[in-house]
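Tertiary structure, described
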Amino acid sequence: QVQLVESGGGLVQAGGSLRLSCAASGRPFDTSTMGWFRQAPGKERRFVAQIDWSGASTYYAEVVKDRFTISRDNLKNTIYLQMNSLKPEDTAVYYCAGDGRRWKVPVGADKYDYWGQGTQVTVSS
């Protein structure tokens, strides 16, 4: 069984930065597509970023492009989301997700097999 554990969330002022981490265990990590999603109160879970198994290809939602960076360290079985220039509208629970298929295009939440428990990010104005 795959386990994903997120960390790094918290409270930050607008314009600040946070780095989220997601540690994986339980299956070969270096062949998995990994992604970040977020869910604000009363809203649907939305795609944020995706990284392919090798780390060579990344995809971003338009609203976070040029501010967020997804990366992975396959030796540590961990992915990261560096979030800069944070805005109040970035406030949400952020979820790490993984899938064993090697997707070559960004995919939605329904394509991911396993999920973390989420970490809260709150950006104050």
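Let us look at the structure shown here. Computed from a predicted structure; not experimentally measured.

Attention shifts here to the overall build of the protein chain. For the protein chain, the count of helices and strands is 0 helices and 11 strands. Going residue by residue from the N terminus, the α and β elements of the protein chain occur as β-β-β-β-β-β-β-β-β-β-β. Computed over C-alpha atoms, the radius of gyration of the protein chain comes to 13 Å, within 12% of the 14 Å expected from 2.2 N^0.38 for 125 residues, which places it in the range of a compact globule. C-alpha atoms of the protein chain, sized along the principal axes, occupy 40 × 30 × 25 Å. Residues classed as buried in the protein chain amount to 41% of the 125 residues present. Here the contacts in the protein chain between residues at least 6 apart in sequence split such that 59% fall between residues at least 24 apart. Put simply, the protein chain shows about 6500 Å² of open surface, and 48% of that area lies on carbon and sulfur atoms. Computed over 15 positive and 12 negative side-chain charges, the separation of the two mean positions in the protein chain equals 1 Å.

Counting through the fold element by element, Asp90 comes out in the loop between strand S8 (78-83) and strand S9 (92-99). For Asp90, a relative accessible area of 1% translates into the label buried. Polar side-chain contacts of Asp90 include one of 2.9 Å to the side chain of Arg38. When neighbours within four sequence positions are excluded, Asp90 is seen to be in contact with Arg38, Arg67, Phe68, Ser85, Val121 and Val123.

Before going further, it helps to spend a moment on the sheet that holds strand S1 (residues 3-7). Read from one edge of the open sheet, 4 strands run S1-S3-S8-S7, paired in antiparallel fashion. Sheet topology places S1 and strand S7 (68-73) at the edges, where each strand pairs with a single neighbour. Within the sheet, the average angular offset between the axes of one strand and its neighbour, ignoring direction, is 15 degrees.

Let us now look at the pattern of salt bridges. Under the defined criterion, the tally for this structure stands at 5 salt bridges. Put simply, Asp90 and Arg67 hold a salt bridge, and the shortest N to O gap is 2.7 Å. Here Arg67 lies in the loop between strand S6 (58-60) and S7 and Asp90 lies in the loop between S8 and S9, a separation of 23 residues in the sequence. The burial state of Asp90 is the same as that of Arg67; both residues are buried. Put simply, Asp99 and Arg101 hold a salt bridge, and the shortest N to O gap is 2.8 Å. Residue Asp99 is classed as buried on the basis of its relative accessible area, which comes to 0%.

Our focus in this paragraph is the packing of aromatic side chains. This model, assessed by the stated rule, comprises 4 aromatic pairs. Summarising the aromatic geometry, the rings of Phe37 and Trp115 are spaced 5.1 Å apart at their centres and angled 55 degrees between planes, so their arrangement reads as tilted. With a gap of 78 residues between them, Phe37 in strand S4 (residues 33-39) and Trp115 in strand S10 (residues 114-115) connect regions that are remote in the sequence. Take Phe37: its relative accessible area is 1%, and that puts it in the buried class. Overall, Trp115 belongs to the partly exposed group, its relative accessible area being 26%. Following the ring pairs from residue to residue traces out a cluster consisting of Phe37, Phe47, Tyr112 and Trp115. The cationic tip of Arg102 hangs over the ring face of Trp53; the distance from NZ or CZ to the ring centre is 4.1 Å.

Conventions used here
- Residues numbered from 1 in each chain as written.
- Predicted model: local features only at pLDDT ≥ 70, side-chain atom pairs only at ≥ 80, totals over all residues.
- Heavy atoms only, no water.
- Helix = DSSP H or I, 4+ residues; strand = E, 2+ residues; numbered from the N terminus.
- Rg over C-alpha atoms; globule rule 2.2 N^0.38 Å.
- Buried < 20%, exposed > 50% of the residue type's maximum accessible area, 1.4 Å probe, protein only.
- Contact = heavy atoms within 4.5 Å.
- Areas by Shrake-Rupley, 256 points an atom, 1.4 Å probe, with all protein chains shown as cover.
- Lys, Arg positive; Asp, Glu negative; His and termini not counted.
- Charge placed at Lys NZ, Arg CZ, Asp CG, Glu CD.
- Polar contact = N/O pair within 3.5 Å; in protein donor to acceptor, adjacent residues only side chain to side chain.
- Pairing = 2+ DSSP bridges.
- Axes fitted to C-alpha atoms, helices over the stretch in contact; angles between N-to-C directions.
- Salt bridge = Lys/Arg side-chain N within 4 Å of Asp/Glu carboxyl O.
- Phe/Tyr/Trp six-rings, centres within 6.5 Å; stacked < 30°, edge-to-face > 60°.
- Lys NZ or Arg CZ within 6 Å of the ring centre and 35° of its normal.

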